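Survey of secondary and tertiary structure
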Amino acid sequence: MSDFDELSLVTLLAKRELVRILASIDGEKDLVVEPSLTRPLDKIASMSLLQQHHCSRVQQLLAGGNLVWGENVGHRLYLIRPSVGIAKLISEHIRAEPSKKYSVAFVDRKSNICEREFEKNGVFSSIDLYELQLSFLSIESDLFSLEIPQSNLRNGSSKTTHSLAKALWQLQSLYGILPTVYGVGKLSQQTNAMMKQFYMEFGEPRPSPDRPISHCFLFDRNVDPVTPLMTAYTYESMIHDTFGIFCGKTVFGNEVTDRLRHKEGGKQKVTSLDNNDEVFSAVRNKHIGAVSQFLSSKTKSVQEGFDKANNLKKVEEFKNFVSSELRPLKQQQKLLELHICACEVIFEKNRGISERLTLEHAMVNGTADSNEIFAYLELAICRQQDMWSVLQLASLWSITQNGIPVKQYVQFRSQFLHAYGYDFLPVFHSLMVNNFLVERAATVNLQTMIRSPAVPSIVFPNECPTFGFIAKRLNLTPSAKSNNANDANAKAPSKMNYVFSGAYTPMCCQLVADTVANGWNTANLKKTFGDAVFCEENVLSSVNRRPDCRAQKAILVCFIGGVTYAEVAGMRAFAQNNNFRIILTATHIIHRESYMKAMANAVH
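Because the structure is predicted, anything quoted here is derived from the model rather than measured. Residue positions are given per chain, counted from 1 along the sequence in the order it is written. For this predicted model, a pLDDT threshold of at least 70 governs which residues receive local features, and a threshold of 80 or more governs which side-chain atom pairs are given and counted, while totals over whole chains, interfaces and linings are taken from all residues. Calculated side-chain values reflect all of the structure's heavy atoms, with hydrogen atoms and water omitted.

Pairing is parallel across the open sheet formed by 5 strands, whose spatial order is β2-β1-β3-β4-β5. Single-partner strands in this sheet number two, and they are β2 (55-60) and β5 (127-132). Shown here is a sheet whose adjacent strand axes are inclined to one another by a mean of 20°, direction ignored. The pairing criterion for strands is at least two bridges between them, as found by DSSP. A run of H or I in DSSP counts as a helix once it spans at least four residues, and a run of E counts as a strand once it spans at least two, with each numbered from the N terminus. Where strand β3 (residues 75-80) meets strand β4 (residues 101-107), 6 bridges bridge the pair, whose relative direction is parallel. Note that in β4 the partner of L79 across the bridge is A105. Residues are treated as being in contact if the distance between any of their heavy atoms lies within 4.5 Å. Axes, fitted as lines to C-alpha atoms, cover a helix only where it is in contact. Angles between the N-to-C directions of the axes lie from 0 to 180 degrees. Strand contacts of helix α1 (residues 8-24): β1 (29-33), β3, β4 and β5, with the helix running at about 165° to β5, the strand carrying the most contacts.

Listed below in structure tokens is the structure:
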């Protein structure tokens, strides 16, 4: 698949808007940034650009942190996402130094709640308010994200769909209207409706014959909660689970850096994980089982390159080696050492995980034994394993099996609370409301509970298709005859299910593949997912016109509620194997623990 970087123009829009805000503020100024916006800011503006517009210093906005005024600076600009807590903190800063000038730039749009908080604290008249539309940020040439924090997504779907719809409208204003839009899930419908609202408010993008995108898929994360809960086995996924990747960068920490032969002292280094890293680019989408072999082979190749110098006899040959080959070899050696040490930490942290993987695969295949799952969870609780990891597996059990048997659910909840504390009792209520962790008996007594005025209205799994039903209709799991999970090629990216060692194909990836192969069948998909399925044509063409690689147009796949690196790897494998250009966009990249915490605290 050839690189696709045209969407960088969308990032330039955010850069231009930031420059406009900075230029509207006279004189020297300080920029104070909410921590979650620090790396997104790096994507749209370098420090040299900020300094060109008289921004002498950038500081993080931290509760309890001390902000320092730069020399000859009389104006401070805050760059924040709307939050009452942050509005209170800014109000305290202003009241402490009322003689200075202040501005606040809200990312995406202004907030009435924050404005009322400023009024309540008597500082509203002292603040100039701005809006900064932070559109899709380029994580990679085929991956773009709004980088909305997972914790922010639980505050309401309307904010999420507004931000995404605005970003999609901006994209179309630059590259032409999206000819065909497919969608699955309620948030997809809401995003599409809001996008049309922007058409009426700001103008409908014009059809363009040279538009780079032919089809757009909108997927609601709620349609497939299974993929984020499973353990993906690609290298990039495991780095994200182990160390965390944000905006394409990570901090490996002392566990990795202490293993390096040439340690760099001082502050922990932020490492960029992108295709500029030759080693990471080669292994990022590989199954972890194939990464070690590749790194070992590459290390031998680099060593052979160094050994070449021992056979050089002429001075001219040695000069050519030093000038053209030595530096790249040293850089490769440094990168190889870093990723080998990262792999060692990943393997150590995942020692003994094979039993859990076996249970996960059995759950999605419908062959899991409830007693075995319960015994594993019981042992994990006794060993005081990470509570969110325990809840992930329990939630996967509940979703794939249409609820947990009553007796085992009660015992699990009792043992969990006893081990980790009864402060986590509300977590079980939140997970129940989100259909993540429920009793199987609850589905039987649904009508009785709804009639009871003492019980709140709760959506139970049987009101929508079960996971088993969807998995069977879409062929998400291998059949018993094919036995793909045990096939020797399960770790090779010939099929998208390699990201889970052949046990499961991410649902949204399978929908894209089916559409490419057979076209979009709305009536059939409604039988699978319910009424929240649609197909819209924005230009004159056949509704059944399926994507065609010969057209040399890109497919835009948008995940509302986040995308996992497993899905990213799966879609890249599909694109490469079928000669397609696929662009992935999302509200953010999902981190499993953060995703679980958001689901556990979604009730307000």
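As a further point, take the packing of aromatic side chains. Each aromatic ring pair is summarised here by two numbers: the centre-to-centre distance and the angle between the ring planes. Side-chain rings of Phe, Tyr and Trp, where Trp is taken by its six-membered ring, are said to pair if the distance between their centres is within 6.5 Å; with planes under 30 degrees apart they count as stacked, over 60 as edge-to-face, and otherwise as tilted. A full pass over the atoms with the stated rule returns 19 aromatic pairs. Consider the rings of F243 and F252, whose centres lie 5.1 Å apart with planes at 80°: the pair is edge-to-face. Overall, the relative accessible area of 17% leaves F243 in the buried class. Each residue is assigned to one of three classes by its accessible area relative to the maximum for its type, calculated with a 1.4 Å probe on protein chains only: buried under 20%, partly exposed between the two thresholds, exposed over 50%. By relative accessible area, which is 4% here, F252 ends up buried. Ring centres of F416 and F428 lie 5.4 Å apart, and the angle between their planes is 75°; this geometry places the pair in the edge-to-face category. Here F416 is found in helix α18 (residues 406-420), whereas its partner F428 is found in helix α19 (residues 425-433), with 12 residues between them in sequence. In terms of burial, F416 and F428 fall into one category: buried. In textbook terms, an aromatic cluster arises when at least three aromatic residues are bridged by ring pairs, as seen for Y182, F217, F219, W520 and F559.

With that settled, consider the sheet that holds strand β9 (residues 213-220). If you walk across this open sheet you meet the 7 strands as β6-β7-β14-β13-β9-β8-β12, and the pairing is mixed. The open sheet has two edge strands, β6 (137-140) and β12 (533-537), and neither has a second partner. Taking the axes of each pair of neighbouring strands and ignoring which way they run, one obtains an average angle of 20° across the sheet. Across 5 bridges, the pairing between strand β8 (residues 180-184) and β9 is parallel. Counted as the bridge partner of V181 is C216 from β9. Its contacts with the sheet place helix α24 (residues 522-529) against β8 and β12, and it is angled at close to 155° to β12.

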